[in-house]
Amino acid sequence: MKNKLTLLLLAIASLSFAQSFKIKFEGKDVTGTVYNKKVASGDFSIIDFDLQNTSNDDKNYKVSRTVKSPSLLGDCYTIQICAGKLCYNTNGNVVDTLKESFPFPANSTLPKPGTTGGYGMSVHFNVCDNACEDHTIVYRIWDVAKPTDFAEVTVNYTCSTGIKEYDLGDISPGYPNPAKGLITIDYNLKNAPKNAKVVFYDMLGKMVKETPIANQQGAVKINVADLHTGFYFYNFIVDGKTSNARKLIISAN
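A brief structural summary. (Residues numbered from 1 in each chain as written. Predicted model: local features only at pLDDT ≥ 70, side-chain atom pairs only at ≥ 80, totals over all residues. Heavy atoms only, no water.)

### Points about the pattern of salt bridges
Next up, step 1: As enumerated under the stated definition, the model contains five salt bridges in all.
Next up, step 2: Its salt-bridge partner being Glu152, residue Arg140 comes within 2.8 Å of it at the nearest N-O pair. Here Glu152 lies in strand β13 (residues 146–159) and Arg140 lies in strand β12 (residues 135–143), a separation of 12 residues in the sequence.
Next up, step 3: Classification of Glu152 by relative accessible area gives partly exposed; the value is 23%.
Next up, step 4: One network of salt bridges, with partners in common, ties together Lys59, Asp143 and Asp149. (Salt bridge = Lys/Arg side-chain N within 4 Å of Asp/Glu carboxyl O. Helix = DSSP H or I, 4+ residues; strand = E, 2+ residues; numbered from the N terminus. Buried < 20%, exposed > 50% of the residue type's maximum accessible area, 1.4 Å probe, protein only.)

Here's what the structure looks like:
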């Protein structure tokens, strides 16, 4: 009888500490894990996370980030978190929490921000030119009504000292930047491409424009006058391999 009572109490205790949230990346549960991401000088890293509410209750969640190492970012590193339909610049503090909370229906999964009907979480890490330093950052979501009910994931941003994941060749930043109409990108690809293009995304990660690239080297001119004022980023995608993302500012016409 005593053993049965002990088991029952343990079961009740485990249920009382059960967490309602999971953080997923590319369909895999990464809650409580460490994700490694290479960054380079002038890099613009984005990681999109799906969020899951495994409970039977509707909730509201908030998002925070904590800089673990080094404890301060410095002026050459900025963090932006997208949740809901908006993106938020975090401050320079060790811990920063988004002021807004977001609805989370029971037994649901929220895809990355910008997806119709979804909220989720997207984390951006921006590095200035000529800067390169490793950082460890913890991203957390929690129940507004019960902050002890949370899920978090740690991201190690590792400086790659300019070594790209895929060596596509030499690709210049687009100019002028800020831009109003035409921008030019000079490039000299390592190999003759079979399928190459420049793809532009808005700050929520939605593709807004793409331009095909036919030659191995040259200067591609792209009209960005159709893009709304704001921040964008773009990559070269060559035969399935993607360059580091670069930022582009569209100024008011």
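Moving on from the coordinates now.
### Some points on the environment of Asn191
Next up, step 1: On the secondary structure map, Asn191 appears in the loop between β15 (182–189) and β16 (196–202).
Next up, step 2: By relative accessible area, which is 55% here, Asn191 ends up exposed.
Next up, step 3: In sequence terms Asn191 and Val238 are 47 residues apart; their C-alpha atoms lie 9.4 Å from each other.

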